[in-house]
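Chain residues, written in single-letter form:
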Amino acid sequence: MTSRGGNAPTLTTRRGGNRKKKISGRVVVISCFALAVIAAAGTVIFAVRSTTEEARQRREYIANNESKVIKNASIPGRSREEGAYDNDKYHLVFSTDCGAYQRWQSYLMFSSALTVKQPGRVTRIASGCTDEEAADEKAWHEEHVQGRMSSRFGLHLTPHFSKVKDENGEETGKRYDFFNKPFGVRHWMENGEGMGINPATGSARNEDLIVILIDPDQILLSPITENFENDHIFHGGQLDGQKVKHGSPFASKYGFGSDWLRVKEVAGPDSPVLAVSRKEAAERYPAGPPYVATAKDFYPIAVKWTEYVPLVHKIYPHLLAEMYAYCLAAAHLNLPHQIVSTLMVSDTTIGTEGWPLLEDVAADKMCQFGTDVRKAGTARTLPSVLHYCQRYMLGKHFFGKRRLPKDFLTCEKPLLIMPPFDVGAKYDYRIPPPPHRPPGEKKPVPQGVAKREAFMLCAITQTLNDAARFFKHHACQGKDANLGETLDLWDVKDMHTSTGRG
């Protein structure tokens, strides 16, 4: 499979596996009531907001952040290719930091977008780079992503947003890395390549653009567009048709239900949030990535999201603070979401997510299905994303993202060991890797869960190996490229302990 403007990764059918799961946190940004940003030559641009107090907060925010701005922040991702999947109607984005841990995640995301022919542009939003890191990320992205995959794949750099501040705006010395997502997305919408705000209206310049926000530890199994006219299952029933349009955003279902109402006071005494019932809160707002909305809707959500998230974090300083703040923003703006239960697979132990779309695949066939799932030509409706945020294992076949070596994308590093095709039927137990106690303990795995574990193991391992082969093919010319499938994550001792965004 080849791409106009870049060669697609070679898809070699192999026995693969490794297990993934999904977490409830998300990427993000910090700062108080903000409106961020900047652009080339150090000029700070902000969207017009309505009240005197908001204007004061905006000026205060800009004054606090102007010196931290990264000049010439975007690497353009203009499409030079032709064809249906290069439609600039869509823009998929994901938020990261500038570390090596999220570099390989970003490369994997771009690789999956290329493989499934995701239409439109795809942009990595990287927050908090030092000047040296910014230069390195730009050079690496231009050489290995835009230069090898597609000119549609861009990079947008933003300031660091993750420092927690007190009620006086003073830094507390604490961090909440997930601030980077809302603030990074807003920064991109106001300053990114092809983006911007209409100064006369304060709204997104291209209101009809379909914005798709995912997490860095998600890979595409099928393209995401505005059209959900297929076999997807809608949580709470359909709201207003099966297509994203103005006033009708879509998102994946997450398991926190109406819990986000615990922070509803943040929205203020006159907010429409106060009129949202627990039933409506649980049916229309338990939203998480992928978020899909028109820019007309996404920009005001981003503005309110950045306003609410520091306040939510003050009263609820936990992982889900930024997700709760998103729910508040959407509810305040009277933008109930069409929640799609089958948009994602991640947690192998629950009966919802996208698993009903895959349940007809036999246990002894699930691994091979996982290795081939991203190939074009399948007639079945697939979950759009695989979220690999937890650990997956059968027997000693194991995947955990924090055990993948940071230098996986190098000429010297081997590929991952692939599990056997029958791994889903062969094992009804798992053996957790060291330092688990007692060592060698066999933990039972129910048959239905084992089949899902096999899918996650094989799909993510195959995706990583395909991406690494593609990287080595282009980056290791004239050098010895290690193509041996010998890397066993079960035996890896070093783990990434930073929170990151994935």
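Refer to the structure printed above.
Quick summary incoming for the structure in this document. Keep in mind it's a predicted model, so treat the numbers as computed, not measured.

Before going further, it helps to spend a moment on the pairing of strand S5 (residues 90–96). Within S5, seven of the seven residues are buried, which leaves the element mostly enclosed by the surrounding structure. The alternating pattern of S5 places Tyr90, Leu92, Phe94 and Thr96 and His91, Val93 and Ser95 on opposite faces, both of which are buried. Bridge analysis of S5 against strand S10 (residues 210–214) gives five bridges, and the strand direction is parallel. Among the inter-strand pairings, histidine 91 is bridged to a residue of S10, identified as valine 211.

Glancing now at the sheet that holds strand S16 (residues 344–345). Taken in spatial order, the three strands make up an open sheet running S11-S17-S16, and their pairing is mixed. Two strands in the sheet have a free side with no partner beyond their single neighbour: strand S11 (218–220) and S16. Direction of pairing for S16 relative to strand S17 (residues 385–387): parallel, over a ladder of two bridges. From the neighbouring strand, methionine 344 faces S17, where its bridge partner is valine 385. This element, helix H10 (residues 447–475), spans S11, S16 and S17 of the sheet and lies at about 105° to S17.

The next point concerns the environment of lysine 245. Secondary-structure assignment places lysine 245 in the loop between strand S12 (234–235) and strand S13 (250–253). Judged by its relative accessible area of 37%, lysine 245 is partly exposed. Considered as a pair, lysine 245 and aspartate 297 are 52 residues apart in the sequence and their alpha carbons are 9.0 Å apart. In this structure, lysine 245 is in contact with Asp240, Thr294 and Asp297, ignoring residues within four places of it in sequence.

What follows concerns the nonpolar core. Counting residues in each nonpolar core, the largest one holds 131 residues, and the members touching the most others are Trp260 and Phe455. The contacts of phenylalanine 455, once residues within four sequence positions are left out, are Leu221, Val345, Trp355, Leu358, Met366, Phe369, Gly370, Val373 and Leu386. Membership of the second largest hydrophobic core comes to six residues, among which are Ala126, Cys129, Leu155 and Leu157.

With that out of the way, let us pick up the pattern of salt bridges. Between side chains of opposite charge, pairing is possible as soon as their charged atoms come close. One pass over the full model with this rule turns up 18 salt bridges. Ionic pairing is found between lysine 401 and aspartate 217, a salt bridge with its closest N-O pair at 2.7 Å. Here aspartate 217 lies in the loop between S10 and S11 and lysine 401 lies in the loop between strand S19 (397–399) and strand S20 (415–416), a separation of 184 residues in the sequence. Neither lysine 401 nor aspartate 217 differs from the other in exposure class; each is buried.

Structurally, glutamine 118 can be placed in the loop between helix H2 (100–116) and strand S6 (121–127). Of the polar contacts made by the side chain of glutamine 118, one reaches the backbone nitrogen of isoleucine 224; its length is 2.7 Å.

Now for the packing of helix H4 (residues 180–191) against helix H6 (residues 295–315). Here H4 crosses H6 at 140°, and the two axes come no closer than 9 Å. Taken together, H4 and H6 sit at an angle that is classed as oblique. Crossing of H4 against H6: the hand is left-handed. Residues Lys181, Pro182, Phe183, Val185, Arg186, Met189 and Glu190 of H4 form the contact with H6, whose own contacting residues are Ala295, Phe298, Tyr299, Ala302, Val303, Trp305, Thr306, Val309 and Pro310.

This brings us to H6. Spacing of three or four residues puts side chains on the same side of an α-helix, whose turn is 3.6 residues. In a regular helix each residue adds 1.5 Å, so 21 residues correspond to 30 Å; H6 covers 30 Å between its end C-alpha atoms and thus fits that length. Helix geometry: H6 is bent most strongly at tyrosine 308, by close to 30°, with proline proline 310 lying one to four residues after it. The buried fraction of H6 is high, at 16 of 21 residues.

Looking now at the packing of H6 against helix H7 (residues 321–332). At a minimum axis separation of 8 Å, H6 and H7 run at an interaxial angle of 130°. By the criterion of interaxial angle, the relationship of H6 to H7 is oblique. Where H6 crosses over H7, the handedness of that crossing is right-handed. Contacts between H6 and H7 pair Ile301, Lys304, Trp305, Tyr308, Val309, Val312 and His313 from the former with Ala321, Glu322, Tyr324, Ala325, Tyr326, Leu328, Ala329 and His332 from the latter. Looking at the contact of H6 with H7, its residues break down into eleven nonpolar, two polar and two charged.

Calculation criteria
Residues numbered from 1 in each chain as written. Predicted model: local features only at pLDDT ≥ 70, side-chain atom pairs only at ≥ 80, totals over all residues. Heavy atoms only, no water. Buried < 20%, exposed > 50% of the residue type's maximum accessible area, 1.4 Å probe, protein only. Helix = DSSP H or I, 4+ residues; strand = E, 2+ residues; numbered from the N terminus. Pairing = 2+ DSSP bridges. Contact = heavy atoms within 4.5 Å. Axes fitted to C-alpha atoms, helices over the stretch in contact; angles between N-to-C directions. Core = buried A, V, L, I, M, F, W, Y, C linked by side-chain atoms within 4.5 Å. Salt bridge = Lys/Arg side-chain N within 4 Å of Asp/Glu carboxyl O. Polar contact = N/O pair within 3.5 Å; in protein donor to acceptor, adjacent residues only side chain to side chain. Parallel < 35°, antiparallel > 145°, perpendicular 65-115°, else oblique. Left-handed = near helix turned anticlockwise from the far one by under 90°. Expected span 1.5 Å × (residues − 1). Bend = angle between axes of the 7 residues up to and from the residue. Nonpolar A, V, L, I, M, F, W, Y, C, P; charged D, E, K, R; others polar.

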